[in-house]
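Take a look at the letters that make up each chain.
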Protein chains: 4
Amino acid sequence: MAGNSFGNIFKITTFGESHGNALGVVIDGVLPNIEFDYQLVQADLDKRKPGQSKITTERIEDNEFEIISGLFEGRTTGAPLTIIVKNKNQQSSDYEHLKDVFRPSHADYTYQQKYGIRDYRGGGRQSARETVSRVLAGSVAKMILQKIGIQIHAFVNQIHSIKLETPINEIDFSLIEQNIVRCPNPETANKMIALIEQIKAEGNSVGGIITCVCKGVPVGLGEPVFNKLHAELGKAMLSINACKGFEIGSGFESVLLKGSEHNDEFEFNNEQVKTQTNHSGGIQGGISNGMDIVFKTAFKPVSTIKQNQNTINATFENIDFKAEGRHDPCVVPRAVPIVEAMAALVLVDFYLFNKVYH
Amino acid sequence: MAGNSFGNIFKITTFGESHGNALGVVIDGVLPNIEFDYQLVQADLDKRKPGQSKITTERIEDNEFEIISGLFEGRTTGAPLTIIVKNKNQQSSDYEHLKDVFRPSHADYTYQQKYGIRDYRGGGRQSARETVSRVLAGSVAKMILQKIGIQIHAFVNQIHSIKLETPINEIDFSLIEQNIVRCPNPETANKMIALIEQIKAEGNSVGGIITCVCKGVPVGLGEPVFNKLHAELGKAMLSINACKGFEIGSGFESVLLKGSEHNDEFEFNNEQVKTQTNHSGGIQGGISNGMDIVFKTAFKPVSTIKQNQNTINATFENIDFKAEGRHDPCVVPRAVPIVEAMAALVLVDFYLFNKVYH
Amino acid sequence: MAGNSFGNIFKITTFGESHGNALGVVIDGVLPNIEFDYQLVQADLDKRKPGQSKITTERIEDNEFEIISGLFEGRTTGAPLTIIVKNKNQQSSDYEHLKDVFRPSHADYTYQQKYGIRDYRGGGRQSARETVSRVLAGSVAKMILQKIGIQIHAFVNQIHSIKLETPINEIDFSLIEQNIVRCPNPETANKMIALIEQIKAEGNSVGGIITCVCKGVPVGLGEPVFNKLHAELGKAMLSINACKGFEIGSGFESVLLKGSEHNDEFEFNNEQVKTQTNHSGGIQGGISNGMDIVFKTAFKPVSTIKQNQNTINATFENIDFKAEGRHDPCVVPRAVPIVEAMAALVLVDFYLFNKVYH
Amino acid sequence: MAGNSFGNIFKITTFGESHGNALGVVIDGVLPNIEFDYQLVQADLDKRKPGQSKITTERIEDNEFEIISGLFEGRTTGAPLTIIVKNKNQQSSDYEHLKDVFRPSHADYTYQQKYGIRDYRGGGRQSARETVSRVLAGSVAKMILQKIGIQIHAFVNQIHSIKLETPINEIDFSLIEQNIVRCPNPETANKMIALIEQIKAEGNSVGGIITCVCKGVPVGLGEPVFNKLHAELGKAMLSINACKGFEIGSGFESVLLKGSEHNDEFEFNNEQVKTQTNHSGGIQGGISNGMDIVFKTAFKPVSTIKQNQNTINATFENIDFKAEGRHDPCVVPRAVPIVEAMAALVLVDFYLFNKVYH
């Protein structure tokens with residue numbers, strides 16, 4: 001339970017530090033005979049990579065993946081699939097000044113206290129560079145999900161106070177990748193981009209909300225009581241760096257509706273069971289009901305900012321601190337592929353487990 | 001992974017249906033030599049039980065627990081601790097009319113589709129009566145947590161649009177049990193109670209928000225990457241019936257703050273490391289930092305209401321449906337001990353695992 | 001990992017002490033819609049029960065089972081299936097003299113040292129009475145295995161130096177239950193029975209070997225590397241009280257054969273792949289190959305004997321000790337249904353998991 | 001549960017194929033602040049490597065390890081420790097002739113039937129080359145065990161009918177590495193070596209028995225019921241390629257002793273609890289009792305031999321087959337470090353878990 005594995009049937013274990021040799025993932029439980037989609041993996045990695053636009057960090061990270069095991073003549077064999085991304089251009093000396101500092105709202109202090117040792121170079125294991133492993137695994141999960149018609153679409157719904165107002169049913173998912181902030185409304189996207197540019201100029205940071213819609217999920221995924229589908233989705237999302245909140249369907253706003261307003265009435269039309277509304281977010285009693293799965297995740301503003309802050313050092317002296325280097329003013333656009341990856345990992349795991357019943 | 005177990009070291013497995021013989025829990029991994037606190041268990045069960053006040057269901061459920069295994073001369077032995085609550089007064093015939101109905105926003109439809117069979121009596125395994133097992137286990141967890149000084153306080157923060165406005169640092173936890181809605185502000189509590197009474201009279205239902213504060217949590221609980229402390233707390237809460245959202249610390253509102261406003265600056269005073277604010281909710285990088293752990297959970301309005309609704313039956317005909325029987329107009333006050341129980345289960349599991357490092 | 005659970009998909013958790021309220025098992029992951037076979041369960045329990053013949057202990061144990069959860073109208077629902085056997089006639093005072101004694105080759109000492117507390121009444125959790133839970137779970141596993149044509153036959157192969165000499169292919173499994181020692185050769189059985197009676201008269205004990213043959217196992221059960229089918233079978237058997245050894249197929253005797261003698265040559269005849277010999281015991285590379293699965297388990301002589309022995313007490317004084325009460329001179333015949341139960345649990349778990357691949 | 005992970009607290013996941021890019025292991029749950037002992041790892045790898053003497057295969061395998069993650073300034077950090085050994089000199093074309101053959105007593109057939117695809121080059125994932133990952137992980141486990149004084153000594157006890165006759169208490173472990181067959185008696189070792197050379201000349205193969213002695217194991221390791229220490233050791237050993245049997249302490253020979261002969265009487269001398277004999281093999285009730293842990297494992301003769309055999313091909317035709325290439329006539333000497341590694345993995349896992357109780 002040391003925390004670097006996720007999933008039960010499609011079980012991943014991630015490894016690697018920001019400035020170590022490589023980051024990667026071992027997937028145990030991948031179905032055999034899946035044709036490996038190299039382009040899908042690279043495309044997903046590219047959506048996550050830093051330096052992709054003016055609103056992300058200018059830092060460049062290596063982004064080429066290498067398959068270490070589990071593939072034979074381009075197909076999975078059922079053996080553990082291991083994929084890594086090597087670290088090549090790290091400048092660890094850039095991080096010397098962080099060696100003895102516990103940055104505000106960072107994990108420096110808790111890691112040091114828990115383990116008595118800390119790889120401070122680039123944040124070590126606590127760095128969000130770890131999410132490259134999640135994207136690698138998520139892409140493999142998608143290869144399986146595509147075969148059964150599941151599609152996952154995440155997008156930026158809010159940056160600070162700028163909200164996407166398009167109703168969820170009217171969103172055109174093909175617009176997501178049309179702009180650098182990954183908001184499927186060009187006008188709102190432009191406002192978000194302008195805001196992030198301004199925040200960046202201030203040396204400050206800002207957070208936002210990502211919505212995720214999973215289409216084509218069959219009825220029956222999810223397990224009762226503790227392993228409810230939305231509970232696992234919640235854990236998956238909350239495990240992403242900087243994620244502070246999760247809600248399924250109507251979420252916190254459900255509180256403002258009465259039962260008569262909130263209930264999703266069933267109807268049977270055209271040989272299909274549907275609900276007239278989808279406050280449930282596609283999940284009832286922890287099990288998918290065949291409607292779109294819809295959830296939201298909140299990301300706080302990045303804690304590393306280029307402004308003076310009070311904090312303490314490793315010898316518990318109160319000091320003044322100002323971060324150097326190149327950091328994201330807003331991680332939300334780059335978190336979109338990570339949210340998709342984690343959703344894919346949850347869905348593939350429940351899909352595979354559900355086969356046991358059939 | 002069939003979903004009825006929770007925890008890794010302090011691992012619980014719950015069982016039982018609403019109208020079966022009994023509900024209960026087996027706890028594997030309970031520390032030996034813990035003196036069993038019978039009063040604590042009964043007090044927690046009593047907070048959860050239906051029929052405790054005019055704003056809960058009038059339905060009476062049996063609430064006496066029985067220890068089946070794991071205790072010797074009043075102390076735990078390290079063997080599995082099994083506790084049950086027998087079902088005695090169920091009137092299953094009351095539920096005959098639900099046999100072939102898929103109630104809106106209930107788990108009837110998803111259970112039937114997943115398993116091909118469904119115990120419709122009182123909701124069977126999908127019933128919130130299952131949470132009696134969580135409370136039993138949570139009370140045992142508290143017996144261990146108390147020894148290291150951890151205290152958990154959950155309370156109702158919002159019912160529909162009525163919010164508790166008291167700042168979190170000014171809340172007097174001793175007021176929680178002073179009123180039937182479990183809101184630690186008598187005036188707000190009265191408004192909430194009046195609202196629930198009105199909703200009950202309408203045959204409708206209403207949801208709300210519970211806040212939970214865990215005090216005395218040592219630095220170092222939680223595991224990196226996937227098993228972050230708040231990720232497990234999130235999963236734990238979202239697994240409770242009717243829970244739709246979870247946020248740690250600043251949560252969704254973090255989105256409206258800039259990094260410079262949101263960061264919790266460290267300070268060292270009186271031989272203690274503290275943060276000046278607690279937007280992190282006591283957790284950084286997934287690991288407790290010694291500050292109070294603070295999180296919120298959203299509960300939707302109960303789906304069973306005494307009003308006409310459209311739905312379908314087991315043969316997929318569109319029908320009109322109106323629930324009978326006695327149901328809670330608002331489960332939020334009764335969910336308070338369940339939130340505490342789940343928090344206790346998460347904390348005790350991470351506490352025990354953290355001993356491995358020492 | 002506290003040790004009271006077994007299996008991954010068909011996951012059981014057992015609980016209960018020899019002189020507690022009840023022993024039992026929760027099965028999480030049982031397939032839904034299985035018709036519960038009450039007679040099978042009772043028949044298996046009866047094979048295990050003490051007092052069944054002149055060569056077992058004369059002690060009487062309660063043997064009636066009760067279903068607590070997971071059944072609806074006689075069928076499983078997919079919810080946790082809980083079955084218990086209550087303890088009714090325990091005379092705990094009989095065990096007062098063991099309170100402060102660490103019996104030779106018993107678990108008294110190790111339990112006391114590990115936990116700092118010990119339920120000495122009837123052996124508490126360390127008692128072989130715990131295996132009643134395994135038999136309960138194994139019977140449910142058999143209900144599923146029968147549907148796919150798997151049959152499990154265990155029998156006594158050796159008691160002390162008296163060996164069954166019938167070649168494995170010539171054994172008539174219908175003879176197993178024809179005698180009280182469960183050896184499918186009447187003549188050998190009589191010798192074994194006579195030996196056990198003599199040992200009993202001496203106040204001594206004796207061990208033996210059980211062979212188990214699983215027929216109808218499809219190709220493909222078992223997982224590579226660490227979860228090989230025979231590795232899990234080995235763990236399952238070695239976890240039974242008094243079991244000291246396990247071998248698959250040719251086992252320790254394989255050492256005396258050369259590769260050219262030991263290899264099982266494949267042949268294809270009558271549309272079937274078979275091997276001409278079965279030194280592999282039906283498993284190659286950890287995966288079933290469609291031949292009979294054959295393994296052996298060694299059981300040591302019972303440690304509780306009615307003879308004087310040296311030992312120590314709880315204050316570490318060297319003392320003289322002689323056990324009182326009624327004990328089995330030989331547990332091997334009663335271990336036959338337990339071996340079958342554990343084999344069934346392993347096979348059903350791998351069978352269910354293998355469905356993931358299809 | 002797909003089978004490539006082992007352990008609960010100190011959890012390893014292995015990956016890699018015989019002719020893939022690399023083999024390796026991720027260890028999740030390694031204690032922080034352990035100084036990495038490079039020499040120990042290389043020494044263990046060297047004991048396992050092929051081509052080390054005239055009685056092993058002449059095949060050369062790469063044997064240099066590389067650390068991918070988890071180390072900082074020569075010490076573990078608590079992050080996943082990943083170590084790989086690259087494959088460099090594989091000549092996959094040597095294996096073309098095996099592409100469509102199911103070799104007798106090999107895993108070719110079962111892998112093909114289970115997965116519908118098979119990496120036949122060098123045996124792919126089913127190859128014993130996989131055990132390089134186990135040795136890597138076992139060496140890390142030993143770094144922790146050494147700190148608490150646990151030492152593990154495995155040696156060859158029997159090759160075909162040639163047995164080591166030295167009583168276990170008189171064995172000088174320093175002799176093990178003095179000869180190429182790893183038998184701590186020079187005279188017996190020479191006989192074993194001569195036999196293996198003769199078998200090799202015949203193009204045949206031979207098996208043997210390895211004994212393992214673990215010294216310095218504290219009282220209390222192991223968990224009751226299903227996770228008994230010897231049950232996990234059994235699973236660990238039986239998961240090694242070609243292992244067919246396991247016995248703890250007196251094992252199968254316990255059957256020939258009466259209880260009065262077999263019981264290990266306790267005595268208290270020189271402030272220590274000991275047993276006068278050790279038929280229990282250091283484990284009682286599944287929990288270590290402070291005496292040496294002693295177990296044996298049987299390895300069958302290697303299935304790949306240079307003699308004609310009948311078998312079938314991928315289209316189920318009966319064919320004649322003779323293996324080519326360079327293979328071990330006897331794997332037992334090279335299995336010694338693998339047995340040690342698996343023992344270390346089991347012990348470290350139970351040691352770490354046992355800290356939870358203290």
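Before reading on, note that the structure itself is shown above.
Here is a short report on the structure shown in this document. (Residues numbered from 1 in each chain as written. Chains lettered and ligands numbered in written order. Predicted model: local features only at pLDDT ≥ 70, side-chain atom pairs only at ≥ 80, totals over all residues. Heavy atoms only, no water.)

## Regarding the sheet that holds strand β4 (residues 65-69) of chain A
Hydrogen bonds between backbone groups are what pair the strands of a sheet, and the pairing can be parallel or antiparallel.
Residue and element names in this part refer to chain A.
Alright, step 1. Taken together, the 5 strands give an open sheet; going across it, the order is β1-β2-β3-β7-β4, and neighbouring strands pair in antiparallel fashion. Two strands lie at the open edges of the sheet, namely β1 (5-6) and β4, each paired on one side alone.
Alright, step 2. Where strand β2 (residues 11-15) lies against strand β3 (residues 22-28), 5 bridges are found, and the strand directions are antiparallel. For Thr-14, the partnering residue across the bridge sits in β3 and is Val-25.
Alright, step 3. The strands touched by helix α1 (residues 38-48) are β4 and β7 (81-86); relative to β4, the strand with the most contacts, the crossing angle is about 130 degrees.
Alright, step 4. Along the sheet, helix α3 (residues 131-147) makes contact with β2, β3, β4 and β7, crossing β3 at roughly 35 degrees. (Pairing = 2+ DSSP bridges. Helix = DSSP H or I, 4+ residues; strand = E, 2+ residues; numbered from the N terminus. Contact = heavy atoms within 4.5 Å. Axes fitted to C-alpha atoms, helices over the stretch in contact; angles between N-to-C directions.)

## Thoughts on the interface of chain D and chain C
How big an interface is tends to be reported as the loss of accessible area on association of its parts.
Alright, step 1. At the junction of the two partners, chain D supplies 106 residues and chain C supplies 106 residues.
Alright, step 2. Along the contact surface separating chain D from chain C lie 6 salt bridges.
Alright, step 3. Inspection of the chain D/chain C interface yields 49 residue pairs in polar contact (both at pLDDT 80 or more).
Alright, step 4. Per-class residue counts for the side of chain D that touches chain C are 41 nonpolar, 46 polar and 19 charged. (Salt bridge = Lys/Arg side-chain N within 4 Å of Asp/Glu carboxyl O. Polar contact = N/O pair within 3.5 Å; in protein donor to acceptor, adjacent residues only side chain to side chain. Nonpolar A, V, L, I, M, F, W, Y, C, P; charged D, E, K, R; others polar.)

## Thoughts on the interface of chain A and chain B
Alright, step 1. Across the contact, 106 residues belong to chain A and 106 residues belong to chain B.
Alright, step 2. Interface area lost by chain A to chain B is led by A:Met1, A:Lys114 and A:Phe226, which between them contribute 11%.
Alright, step 3. In this assembly, chain A and chain B are joined by 6 salt bridges.
Alright, step 4. Of the charged contacts in the structure, one is a salt bridge between A:Lys258 and B:Glu202, with a shortest N-O distance of 3.3 Å.
Alright, step 5. The interface formed by chain A and chain B contains 49 residue pairs in polar contact (both at pLDDT 80 or more).
Alright, step 6. Counted by class, the side of chain A that touches chain B contains 41 nonpolar, 46 polar and 19 charged residues.
Alright, step 7. As defined by bridge partners, strand β12 (residues 243-248) of chain A adjoins strand β12 (residues 243-248) of chain B across 3 bridges and the pair is classed as antiparallel. Paired with A:Gly245 across the bridge in β12(B) is B:Glu247. (Buried area = accessible area lost by both parts, 1.4 Å probe.)

## What about the side chain of B:Gln309?
Alright, step 1. Secondary-structure assignment places B:Gln309 in strand β18 (residues 309-313).
Alright, step 2. A residue is classified by how much of its surface remains accessible, and B:Gln309, at 5% relative accessible area, is buried.
Alright, step 3. In this structure the side chain of B:Gln309 is engaged in a polar contact, spanning 2.7 Å, whose partner is the side chain of A:Asn263.
Alright, step 4. Filtering out sequence-adjacent residues up to four positions away, B:Gln309 remains in contact with A:Asn263, A:Glu265, B:Pro104, B:Ser303, B:Ile319, B:Asp320 and B:Phe321. (Buried < 20%, exposed > 50% of the residue type's maximum accessible area, 1.4 Å probe, protein only.)

## Examining the pairing of strand β17 (residues 293-299) of chain C
Residues and elements named next belong to chain C.
Alright, step 1. For β17, the tally of buried residues reaches 6 of 7 residues, placing the bulk of the element in the interior.
Alright, step 2. As defined by bridge partners, strand β11 (residues 208-215) adjoins β17 across 7 bridges and the pair is classed as antiparallel. Its bridge partner lying in β17, Val-213 is registered against Val-294.
Alright, step 3. Relative to β17, strand β12 (residues 243-248) runs antiparallel, the two sharing 5 bridges.

## Observations regarding the relation of the copies chain D and chain C
Alright, step 1. Its rotation angle being 180 degrees, the transformation that places chain D on chain C also includes 0.0 Å of axial translation and leaves an RMSD of 0.0 Å. Classification of the inter-copy transformation places it as that of a two-fold axis.
Alright, step 2. Take the interface residues of chain D: 100% of them recur as interface residues in chain C, which is what a same-surface contact looks like. (Least-squares fit on C-alpha atoms with pLDDT ≥ 70 in both.)

## Here we look at the relation of the copies chain A and chain B
Alright, step 1. The two copies are related by a screw motion: chain A maps onto chain B through a turn of 180 degrees and a shift of 0.0 Å along the axis, at an RMSD of 0.0 Å.
Alright, step 2. Here 100% of the interface residues in chain A have copies in chain B that are interface residues too; the copies meet face to matching face.

## Quick notes on the sheet that holds strand β19 (residues 318-321) of chain A
Residue and element names in this part refer to chain A.
Alright, step 1. Strand order in the open sheet made by the 3 strands is β8-β18-β19, with antiparallel pairing throughout. The open sheet is flanked by β8 (101-102) and β19, the only strands paired with a single partner.
Alright, step 2. The pairing of β8 with strand β18 (residues 309-313) spans 2 bridges and is antiparallel. The residue of β18 that forms the bridge with Val-101 is Asn-313.

## Focus on the packing of aromatic side chains
Alright, step 1. According to the stated counting rule, one finds 54 aromatic pairs over all chains in the structure shown.
Alright, step 2. Each ring, one from C:Phe155 and one from C:Phe173, has its centre 6.3 Å from the other, and the planes form 40 degrees; the classification is tilted. Pair noted here: C:Phe155 is in strand β9 (residues 151-159) and C:Phe173 is in the loop between β10 (162-163) and α4 (186-201), with a separation of 18 residues, a long-range link. Across the pair, exposure class does not vary: C:Phe155 and C:Phe173 are buried alike.
Alright, step 3. One aromatic cluster is present, formed by A:Tyr111, A:Tyr115, B:Phe353 and B:Tyr357 through successive ring pairs.
Alright, step 4. If you follow C:Lys114 out to its NZ or CZ, it ends over the ring of C:Tyr115, 6.0 Å from the centre. (Phe/Tyr/Trp six-rings, centres within 6.5 Å; stacked < 30°, edge-to-face > 60°. Lys NZ or Arg CZ within 6 Å of the ring centre and 35° of its normal.)

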